[in-house]
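# Structural characterization, general
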Amino acid sequence: NYEAMSLYRAAMELAPDDAEGHVAYGRALLRAGQDTLAIPTLQHALELRPQDAETRELVEHLQPEERADEAYAVPGETLLARVSEERGYPVRVLEDLTVNTVFPSGLGSTFRQVATQIVSEDGARSMRTFPIQFDPDVQRVSVRAARIYRQGRVLEATESYEQQLGEPWYRIYYDTRALVVVFPDLEPGDVIEIRYRTDDVAERNRFDDYYGDMHFFQGASPLARTDYVLITPSTRTFHFNQPQLATLHHETRTEGAQRIDHFYAEDVPALRDEENAPGATEVAPYLHVSTYATWNDVGQWWWGLVHDQFYADENLQRTVRELVAGAPDVRTRVQRIYRWVIDHTRYVGLEFGIHGFLPYRVPQIVQRGFGDCKDKASLLYTMLREAGIEARMVLVRTRRNGAIHDLPASLSVFDHAIAYVPELDLFLDGTAEFSGTTEFPQMDQGVTVLVVGPEGAELRLSPVMPPDHNTRQRTLAVDLRADGSATLEVDESVRGHEAPGW
């Protein structure tokens with residue numbers, strides 16, 4: 001009615017930058033049958049809050065048009081023209097396209113197109129399901145197309161289901177889910193294509209206005225073509241590394257208020273998988289994108305996020321006093337605190353929401369009796385500082401991921417957290433339940449770490465234990481008697497990274 005519409009307009013005059021008010025008014029106009037007025041109102045709401053996927057879907061329904069990022073999709077005829085004879089691999093990727101659109105807030109959307117040629121029965125089995133990961137609290141996923149090209153026919157894949165993700169065997173639990181698209185009937189010679197998009201729908205960026213991404217241009221299957229498109233506000237600066245791929249092309253242009261960086265390569269061979277091979281960043285060309293210019297910027301931001309979690313309540317203060325009483329030196333105090341953390345907290349990771357990066361409060365970790373790597377590192381840090389021992393938090397890129405030393409700097413490269421004692425040059429991994437303070441886990445040795453404290457951050461390599469630190473000694477005493485009987489005693493000592501296994 002007229003009075004309600006007047007109130008909506010008055011609200012928008014009071015708060016012209018509030019997207020919610022424009023959405024409410026636009027929906028009211030729709031209910032009143034005034035579509036021609038509703039559409040521009042909803043479009044203006046999207047300009048104010050471009051990550052509002054629900055409103056965007058409504059506008060697309062009212063006024064169907066192809067999203068700008070989806071215009072990069074390769075037509076089916078072009079995909080089929082790339083089909084060729086393939087031997088040695090179960091599948092061949094005809095197109096791997098990623099288009100990331102970043103808004104000024106650091107939120108954004110991703111459009112993906114993946115087309116794969118099925119070569120063998122093994123390839124058919126491996127491609128019958130296609131998982132799409134997303135966080136249901138802050139993202140919305142939409143499958144735009146899922147089809148099979150077979151002998152001139154086009155078959156649609158209509159089956160899908162959602163799956164909760166996590167690693168319960170490691171006691172790690174996430175709020176991430178997977179939308180799994182099913183291709184139930186595949187056979188050699190088929191070409192499958194899937195197009196989907198993932199839109200951020202959160203009210204605000206958990207990481208202020210930070211954006212970071214890492215994209216690999218080579219994988220386990222040969223690639224006919226790979227494309228990576230990054231669409232960003234021209235008013236913001238984005239930092240890139242230089243991918244180590246000789247055939248990679250990079251084109252840049254500006255359209256209005258957007259900068260578009262397009263990376264692409266053709267006929268990229270597959271990577272040969274080898275046992276005990278280095279991590280992906282050491283063997284595959286990758287593009288690393290970030291809004292951070294330096295590693296110190298990353299450390300300062302992360303410290304600002306987490307430092308309020310590091311405090312000891314009266315119970316923990318009393319525990320620390322009892323632990324260090326009578327300790328003759330700093331190393332003894334460190335060993336006692338480390339052993340207490342190992343004995344009184346078990347490893348369980350509740351990686352929900354911001355707690356994928358933010359540890360829980362230290363008193364809560366003690367009360368629960370469990371935590372993940374950054375929780376245990378936080379507890380170590382807090383107890384060490386309470387005992388008068390200078391300490392640091394350390395973000396770690398474990399060995400399985402591969403070393404990364406170049407810029408840009410971002411949060412996305414780290415997957416582990418430990419503590420550090422500068423006075424002893426000693427790294428402490430609170431998740432290493434069967435290790436002592438001198439038995440530094442192998443996965444933490446010789447890897448990229450960011451040592452973070454209130455005064456800044458430093459990127460460095462963690463130490464590699466020298467050979468004489470890792471020893472095995474076996475002593476055999478044999479008592480051989482005249483009648484041929486014997487008594488055998490074996491004394492074995494294991495020191496270093498193998499000791500926890502024993």
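Below you will find a few notes about this structure. No experiment lies behind these values; they were computed from the predicted model shown. (Residues numbered from 1 in each chain as written. Predicted model: local features only at pLDDT ≥ 70, side-chain atom pairs only at ≥ 80, totals over all residues. Heavy atoms only, no water.)

## Focus: the overall build of the protein chain
For the protein chain, the count of helices and strands is twelve helices and 24 strands. In terms of overall dimensions, the protein chain has a C-alpha envelope of 100 × 65 × 40 Å along the principal axes. Residues counted as buried form 50% of the 502 residues belonging to the protein chain. Pairs at least 24 residues apart make up 68% of the contacts formed inside the protein chain by residues separated by at least 6 positions. Looking at the protein chain as shown, the accessible area adds up to about 25,200 Å², and 48% of this sits on carbon and sulfur atoms. Considering the protein chain, the positive charge centre built from 49 side chains and the negative charge centre built from 78 side chains are found 2 Å apart. (Helix = DSSP H or I, 4+ residues; strand = E, 2+ residues; numbered from the N terminus. Buried < 20%, exposed > 50% of the residue type's maximum accessible area, 1.4 Å probe, protein only. Contact = heavy atoms within 4.5 Å. Areas by Shrake-Rupley, 256 points an atom, 1.4 Å probe, with all protein chains shown as cover. Lys, Arg positive; Asp, Glu negative; His and termini not counted. Charge placed at Lys NZ, Arg CZ, Asp CG, Glu CD.)

## What about the packing of helix α10 (residues 330-344) against helix α12 (residues 373-386)?
Running from amino to carboxyl end, α10 crosses α12 at an angle of 145 degrees, the nearest separation of the two axes being 10 Å. In terms of crossing hand, the pair formed by α10 and α12 is right-handed. Counting all contacts with α10, which are made through Val334, Ile337, Tyr338, Trp340 and Val341, the residues of α12 involved are Lys376, Leu379, Leu380, Met383 and Leu384. (Axes fitted to C-alpha atoms, helices over the stretch in contact; angles between N-to-C directions. Left-handed = near helix turned anticlockwise from the far one by under 90°.)

## Concerning the pattern of salt bridges
Within the structure shown, the criterion is met by 30 salt bridges. For Glu162, the salt bridge identified is with Arg177, shortest N-O distance 2.9 Å. Here Glu162, found in strand β6 (residues 159-167), pairs with Arg177, found in strand β7 (residues 172-182); they are 15 residues apart in sequence, far enough to count as distant. (Salt bridge = Lys/Arg side-chain N within 4 Å of Asp/Glu carboxyl O.)

## Considering the environment of Pro243
Tracing the backbone through its elements, the reader meets Pro243 in the loop between β11 (239-240) and β12 (249-255). Assessed through its relative accessible area of 5%, Pro243 is described here as buried. With 27 residues separating them in the primary sequence, Pro243 and Phe216 have C-alpha atoms 8.9 Å apart. The contact partners of Pro243, leaving out residues within four places of it in the chain, are Phe217, Leu248, Tyr286 and Leu287.

## Focus: unusual backbone geometry
Phi angles above zero are rare outside glycine, and Gln151 is one such case at about 50 degrees. Assignment of secondary structure puts Gln151 in the loop between β4 (139-150) and β5 (153-156). One non-glycine residue with positive phi stands out, namely Asp425, at about 50 degrees. Relative to the helices and strands, Asp425 is located in the loop between β19 (416-421) and β20 (426-428). Judged by relative accessible area, which is 45%, Asp425 ranks as partly exposed.

So yeah, pure geometry; function would need other evidence.
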